[in-house]
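Now for the letters of each chain:
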Amino acid sequence: MAPVQKRALITGITGQDGLYLAELLVGKGYQVFGLIRGQNNPKREMVEQLLPAVELLEGDLGDMTSLVEAVNYCQPDEVYNLAAISFVAFSFKQPEHTGNITGLGALRLLDAIRIVDEGKGRIRYYQASTSELFGKVRETPQTELTPFHPRSPYGVAKAYAHHMTVNYRESYNLHASCGILFNHESPRRGHEFVTRKITSAVARIKLGLQDSLSLGNLDSKRDWGFAGDYVRGMWAMLQQDEPDDYVLATGETHSIGEFLDLAFAAVGIEDWKPYVKQDQRFMRPAEVDLLHGDPTKAKKVLGWEPEVSFPQLVEMMVENDLQIESTRIPRQFVPPTSLVR
Ligand code: NAP
Ligand code: F7E
């Protein structure tokens, strides 16, 4: 008899992690459903082209009815809640909206699962928690036991979602796990985040399409990994007999200056200082200065290890942006031969 095909629902399928996770699950033989928000979402076509096997369902983390309908329709074995207002700087501009989607949105989805599952304990849940929970860090490196001290409306909303997930696990015996993921990037990273902003600008500077790059705080340090590695860890968490919380990180930390060094070096520019300006507009009301994760538990229990190194990640992103930006170079005007005298 053929094995029963597992069913997974992914929120945030149009985002960086949603695409990598959907590819991973389709490759493992899952039937994958993706929640897509809004009227005529411009990213629908991109997902449909990249992942024709995925069925897209309309729904919004701000709308409980649509979540109950989506969970009820696909009757999933696993739900991955990746949807969020995820840009920290934006969360300072729209804190209430961030609280509603990134924080309360997780509660709505947990409750939709509780209602549809009717206490059968059949649906497993993954919550996209974040190293932003550690914020003003109390110890380095940060582990699953490091106390939380979020520094932004995003971090506070994620703390609510994290504690709610633990609460539903303890109250309703739900198989709900939180992945406390440190920064992870890729060629699919949004252009608002610092890594992609840098690699895209480096490619444009190299190709003569841009003169300089304006950034905010250059002193912060991050534990940057590759998103494709991190979605393997998400899946592994939901395959465990018992739900739990895990840090996924590389165990290395690097400054923005080091990222700039590697990105500019990838296009043959040794000194980036003449090209980079500092601009107050990109400073945040409160900053997370240092993130450095300890993934020991994930390695031991899940057997998870990142495969892409920091230099490989930077090179991969610059290479991708060089390809994209080189299609934008205006072609030189060649007059028809009849006009050449
Ligand atoms: P992302 O690229 O910003 O994607 C966010 C996703 O959320 C998009 O698909 C977006 O849909 C969706 N979304 C936003 N508002 C929604 C709403 N009201 N209802 C339904 N969907 C909504 O984020 P990512 O980098 O893939 O990260 C995935 C998750 O992991 C997020 O929860 C993020 O906070 C968390 N996280 C990320 C990192 C990281 O370094 N990448 C680290 C730790 C945790 P649209 O495309 O329609 O806007
Ligand atoms: O900033 C500094 C900025 O926006 C990184 C999200 O995925 O990871 C991400 O959050 C650092 C910060 O990511 C610019 O001040 C300087 O110190 O790339 P970012 P983030 O804030 O770390 C966590 C784990 C998540 O959970 C989030 O969802 O870079 N920085 N100059 C800048 N940042 C940006 N965006 N733009 C600048 O011009």
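Right above here is the structure, for reference.
Residues numbered from 1 in each chain as written. Chains lettered and ligands numbered in written order. Predicted model: local features only at pLDDT ≥ 70, side-chain atom pairs only at ≥ 80, totals over all residues. Heavy atoms only, no water.

1. Quick notes on the environment of Arg 169
Summarising the element assignment, Arg 169 is placed in helix H6 (residues 153-172). If we ignore the near neighbours within four places in the chain, the residues touching Arg 169 are Leu 174, Ala 176, Ser 177, Pro 243, Asp 244 and Asp 245. Reaching out from Arg 169, the side chain makes a polar contact with the side chain of Asp 245 at a distance of 3.0 Å. (Helix = DSSP H or I, 4+ residues; strand = E, 2+ residues; numbered from the N terminus. Contact = heavy atoms within 4.5 Å. Polar contact = N/O pair within 3.5 Å; in protein donor to acceptor, adjacent residues only side chain to side chain.)

2. Considerations on the pairing of strand E4 (residues 78-81)
Along E4, one buried face is formed by Glu 78 and Tyr 80 and the opposite face, lined by Val 79 and Asn 81, is buried too. Summarising the sheet, strand E1 (residues 7-11) and E4 pair through four bridges and their orientation is parallel. Its bridge partner being in E4, Ile 10 is matched across the sheet by Tyr 80. Pairing of E4 with strand E5 (residues 124-130), which is carried by four bridges, proceeds in the parallel orientation. Among the inter-strand pairings, Tyr 80 is bridged to a residue of E5, identified as Tyr 126. (Buried < 20%, exposed > 50% of the residue type's maximum accessible area, 1.4 Å probe, protein only. Pairing = 2+ DSSP bridges.)

3. What about the packing of helix H3 (residues 64-74) against helix H5 (residues 95-117)?
For the pair H3 and H5, the least separation of the axes is 9 Å and the interaxial angle reads 45°. Put simply, H3 runs oblique to H5. Note on packing geometry: the crossing formed by H3 with H5 is right-handed. Contacts between H3 and H5 involve Met 64, Leu 67, Val 68, Val 71 and Asn 72 from the former and Gly 105, Arg 108, Leu 109, Asp 111, Ala 112, Ile 113, Ile 115 and Val 116 from the latter. Residues of the contact of H3 with H5, tallied by class, amount to nine nonpolar, two polar and two charged. (Axes fitted to C-alpha atoms, helices over the stretch in contact; angles between N-to-C directions. Parallel < 35°, antiparallel > 145°, perpendicular 65-115°, else oblique. Left-handed = near helix turned anticlockwise from the far one by under 90°. Nonpolar A, V, L, I, M, F, W, Y, C, P; charged D, E, K, R; others polar.)

4. A closer look at the packing of H5 against H6
H6 packs onto H5 with a crossing angle of 15° between their chain directions and a minimal axis gap of 8 Å. Relative to H6, the element H5 is oriented roughly parallel. Regarding H5 and H6, the two cross each other, and that crossing is right-handed. Residue-level contacts link Pro 95, Thr 98, Gly 99, Thr 102, Gly 103, Leu 104, Ala 106, Leu 107, Leu 110, Asp 111 and Arg 114 of H5 to Pro 153, Tyr 154, Ala 157, Lys 158, Tyr 160, Ala 161, Met 164, Thr 165, Tyr 168 and Tyr 172 of H6. Split by residue class, the contact of H5 with H6 holds 13 nonpolar, five polar and three charged.

5. Focus on the site of ligand 1
Neighbouring ligand 1 are 25 residues, the closest being Thr 14, Arg 37, Lys 43, Ser 86 and Tyr 154. Between an oxygen atom of ligand 1 and a side-chain N or O atom of Lys 43, the distance comes to 2.7 Å. Separating an oxygen atom of ligand 1 from a backbone N or O atom of Leu 82 is a distance of 2.9 Å. For ligand 1, whose unbound accessible area comes to 900 Å², protein coverage reaches 91%. Going through the elements one at a time, helix H1 (16-27), E5 and H6 are the ones with two or more residues in the shell around ligand 1. Of the residues forming the shell around ligand 1, the biggest block, three residues, is contributed by E5. Grouping the amino acids of the shell around ligand 1 by side-chain chemistry returns nine nonpolar, 10 polar and six charged. (Near = heavy atom within 4 Å. Areas by Shrake-Rupley, 256 points an atom, 1.4 Å probe, with all protein chains shown as cover.)

None of the figures reported here should be taken as evidence of function without further support.
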